[in-house]
Amino acid sequence: MGTSTAEGLPKTLRGNYAAARPDYTLPQEMADYTEADHATWRTLFARQSALLPRHGARAFRKGLARLDCGGGVPDFERASRRLREATGWSLVAVPGLIPDGVFFEHLAARRFPVTNWIRTPEELDYIVEPDVFHDFFGHVPALMHPDFARFMEAYGRMGERALAIGALRPLARLYWFMVEFGLVREGRSTAATEIRAYGAGIMSSHAELLHATTSDKPRRIRFDLWRVLRSEYFIDDLQPTYFVLDDYAALFAAAERVPALLDAARDAEPILPSGAGAGDVEVPLHEH
Ligand code: HBI
Ligand code: FE
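So, how was this worked out
- Residues numbered from 1 in each chain as written.
- Chains lettered and ligands numbered in written order.
- Predicted model: local features only at pLDDT ≥ 70, side-chain atom pairs only at ≥ 80, totals over all residues.
- Heavy atoms only, no water.
- pLDDT = per-residue confidence, 0-100.
- Contact = heavy atoms within 4.5 Å.
- Pairing = 2+ DSSP bridges.
- Helix = DSSP H or I, 4+ residues; strand = E, 2+ residues; numbered from the N terminus.
- Axes fitted to C-alpha atoms, helices over the stretch in contact; angles between N-to-C directions.
- 1 Å grid on protein atoms, 1.4 Å probe; cavity = no way out; pocket = protein on both sides within 12 Å on 5 of 7 lines; lining within 4 Å.
- Points joined across faces, edges and corners; volume = space filled by probe spheres on them.
- Parallel < 35°, antiparallel > 145°, perpendicular 65-115°, else oblique.
- Nonpolar A, V, L, I, M, F, W, Y, C, P; charged D, E, K, R; others polar.
- Salt bridge = Lys/Arg side-chain N within 4 Å of Asp/Glu carboxyl O.
- Buried < 20%, exposed > 50% of the residue type's maximum accessible area, 1.4 Å probe, protein only.
- Arc of directions from axis to C-beta.

**A short note on the confidence of the model for the protein chain**
Do not read the predicted coordinates in detail wherever pLDDT is low.
1) Next: Of all residues in the protein chain, 96% have pLDDT values of 70 or greater, and the mean over the chain is 94.
2) Next: Counted against residues more than four places away or in other chains, residues 1-7, with its pLDDT under 50, gives 26 contacts.

**Description of the sheet that holds strand 6 (residues 241-245)**
1) Next: Pairing within the open sheet is mixed, and its five strands lie in the order 5-6-3-4-7. Of all the strands in the sheet, the pair left with one neighbour each is strand 5 (219-222) and strand 7 (286-287).
2) Next: Sheet topology places strand 5 next to strand 6; four bridges connect them, and they run parallel. Within strand 6, the position partnered with Arg222 by the bridge is Val244.
3) Next: Here helix 8 (residues 168-180) sits on the sheet and contacts strand 3 (182-187) and strand 6; the angle it forms with strand 6, its principal contact strand, is near 70°.

**Notes on empty space enclosed by the protein**
Gaps between atoms show up when a probe of the same size as a water molecule is rolled over them.
1) Next: Applying the stated criterion across every chain, the model contains two cavities of 30 Å³ or more.
2) Next: One number sums up the size of the second largest cavity: a volume of about 30 Å³.
3) Next: Residue lining of the second largest cavity: Leu67, Cys69, Pro74, Asp75, Arg78, Ala79, Arg82 and Phe136, and that is the complete set.
4) Next: If you tally residues by element for the lining of the second largest cavity, the top one is helix 4 (residues 76-87), at three residues.

**Comments concerning the packing of helix 7 (residues 146-164) against helix 12 (residues 248-267)**
1) Next: At a closest axis distance of 8 Å, the pairing of helix 7 and helix 12 adopts a crossing angle of 10°. Classified by the angle their axes make, helix 7 and helix 12 are roughly parallel. Note on element contacts: helix 12 touches helix 7 through Tyr248, Ala249, Leu251, Phe252, Ala255, Val258, Pro259, Leu262 and Asp263, opposite Asp147, Phe148, Arg150, Phe151, Ala154, Met158, Arg161 and Ala162.
2) Next: Residue composition of the contact of helix 7 with helix 12, by class: 13 nonpolar, no polar and four charged.

**Comments concerning the pattern of salt bridges**
1) Next: A full pass over the atoms with the stated rule returns 20 salt bridges.
2) Next: Here Asp267 ties to Arg266 by a salt bridge, and the two come within 2.9 Å at their closest N and O atoms.
3) Next: A single network of salt bridges, built from pairs that share partners, joins Arg54, Arg58, Glu186, Glu194 and Arg196.

**Here we look at helix 3 (residues 58-67)**
1) Next: The set of residues buried in helix 3 consists of Ala59, Phe60, Gly63, Leu64 and Leu67. One face of helix 3 carries all of its buried residues, which in axial projection span an arc of 125°. Exposed residues on helix 3 whose side chains face more than 90 degrees from its buried face are Lys62 and Ala65.
2) Next: The first or second residue beyond helix 3 is Asp68, which carries a positive phi of 50°.

**Concerning the pairing of strand 3**
1) Next: Burial analysis of strand 3 places five of its six residues in the buried class, which makes it a mostly covered element.
2) Next: Sheet topology note: the strand 3/strand 6 ladder contains three bridges and is parallel. Bridging across to strand 6, Leu183 finds its partner in Val244.
3) Next: Where strand 3 lies against strand 4 (residues 193-197), five bridges are found, and the strand directions are antiparallel. Residue Leu183 lies in a different strand from strand 4, and its bridge partner there is Ala197.

Okay, structure coming up:
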């Protein structure tokens, strides 16, 4: 989840931060998960997987298949072996949200922090803090795609610089819209394209996946870096605006342009979540 923690961590966090090392990592004790935890994972996995053939991006579906993680809360070490083969990334277990600076350091070193606890059965439909289902099911499949993985590493490197100049907000927006709530246009044939989802906040939420890919309420705007860096967002509601990539390489190309735009984006007038930006290009759900 990309809720900005620029002002430090939220007060009431669920994870066991006392057990974490200075870099906020801790051992993932597989023996600590109960049968109920594994059942919760399987329930969430089955519910989201049912929507993937129709609404999931190809890169996400291929990455998820290679992770082979439907049987229960996945073992991060086992998943890291497959991830390393695919893109050189690995997973580290953390108690939950970690400070921005530490988060960026892990990403710059191609380590993705994954929360080690899972939600209770009562929280199947909504959870405030990211749990292992959001972090692993939502984020890790796309990290198996080389272009997206390269973007995430570049994002980590930019984070350290953004913190230094007080420009975390624009960078958090980029993460929010393109890592948590990103959509991508995929060709069904040369003539027809359709919109599919890959963003972790979408992929790990049943309601958001349907909203993002089938509802005619939200606006779907063609990805534009300068627009995203100035766009505000709601952290606790279905998104009114999504941005659509033509491909993941466009995201990596955009990352290279971010440093030059950070100061201006930090000082620019933000665009409200339901607002319109000059030059917005709407992307229809189905293009023939
Ligand atoms: N910590 N574990 C964890 N996972 C995140 O996604 C995360 C974080 N800390 C900060 C953060 N995300 C956002 O503020 C990023 O935009 C930096
Ligand atoms: Fe997330």
